[in-house]
Amino acid sequence: MATPSDPSNQEAVVRRKNNGPPFKFLFPLVYAPVLPLIRIGLRHRPVLRDRLFTAVLAGAFAHGFYLVTDLYDIESK
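Here the structure is a predicted model, which means the values were calculated and not measured.

1. Some details on the overall build of the protein
Right, so step 1: The helix and strand tally for the protein stands at 4 helices and 0 strands.
Right, so step 2: Out of the 77 residues belonging to the protein, those deemed buried represent 10%.
Right, so step 3: With an accessible surface of roughly 6600 Å², the protein has 67% of that area assigned to carbon and sulfur atoms.

What follows is the structure, given as C-alpha cells:
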C-alpha cells in the first residue's frame, strides 16, 4: 500500500483536482464568431467596424501568443 507521502500518490491527487474544462482553450469559441458579426453588423459605420475588428483580432493573437508561451514554459520545466 502506498504511503501518503509517496510522490506518485500526490501527482494523482493533483490530477484529480482539475475536473473543470480548460476555459482558456475554449475562449476562441467566443471570439471566432464575433469577428464576422462585427463585419456584418457594423456595415454602415466603417471606421468603428475596422477599429473594433482590429482590436478583437489583436486580442485573439495576444491570447494565442499567451497560450503558446505558457505551453512552452510548462514543457521547459
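2. Quick word on the pattern of salt bridges
Should the charged atoms of two oppositely charged side chains come close, the side chains can pair.
Right, so step 1: Within this structure, the stated rule accounts for 2 salt bridges.
Right, so step 2: Residues arginine 39 and aspartate 50 are paired through a salt bridge, measuring 3.1 Å at the closest nitrogen-oxygen approach. Of this pair, arginine 39 sits in helix H3 (residues 28–41) while aspartate 50 sits in helix H4 (residues 46–76), and the two are 11 residues apart along the sequence.
Right, so step 3: Accessibility expressed as a relative area gives 37% for arginine 39, which makes it partly exposed.
Right, so step 4: You can call aspartate 50 partly exposed: its relative accessible area is 34%.
Right, so step 5: The closest approach of N and O atoms between arginine 49 and aspartate 50, which form a salt bridge, is 3.3 Å.
Right, so step 6: Through salt bridges with shared partners, a single network forms among Arg39, Arg49 and Asp50.

3. Some points on H3
Right, so step 1: With 14 residues, H3 extends 20 Å from end C-alpha to end C-alpha; this agrees with the ideal 20 Å at 1.5 Å per step.
Right, so step 2: Restricting attention to buried positions, one finds in H3 the residues Tyr31, Leu35 and Ile38.

4. A short note on the UniProt feature "transmembrane region" (unreviewed entry) in the protein
Right, so step 1: Per the UniProt annotation, the sites labelled "transmembrane region" (unreviewed entry) are residues 23–40 and 52–69.
Right, so step 2: For residues 23–40, the helix share is 94%, the strand share is 0%, and the end-to-end C-alpha distance is 27 Å.
Right, so step 3: Its end C-alpha atoms 26 Å apart, residues 52–69 is made of 100% helix and 0% strand.

Cut-offs and rules
Residues numbered from 1 in each chain as written. Predicted model: local features only at pLDDT ≥ 70, side-chain atom pairs only at ≥ 80, totals over all residues. Heavy atoms only, no water. Helix = DSSP H or I, 4+ residues; strand = E, 2+ residues; numbered from the N terminus. Buried < 20%, exposed > 50% of the residue type's maximum accessible area, 1.4 Å probe, protein only. Areas by Shrake-Rupley, 256 points an atom, 1.4 Å probe, with all protein chains shown as cover. Salt bridge = Lys/Arg side-chain N within 4 Å of Asp/Glu carboxyl O. Expected span 1.5 Å × (residues − 1). UniProt positions renumbered as here; feature names shortened; annotations may be inferred.

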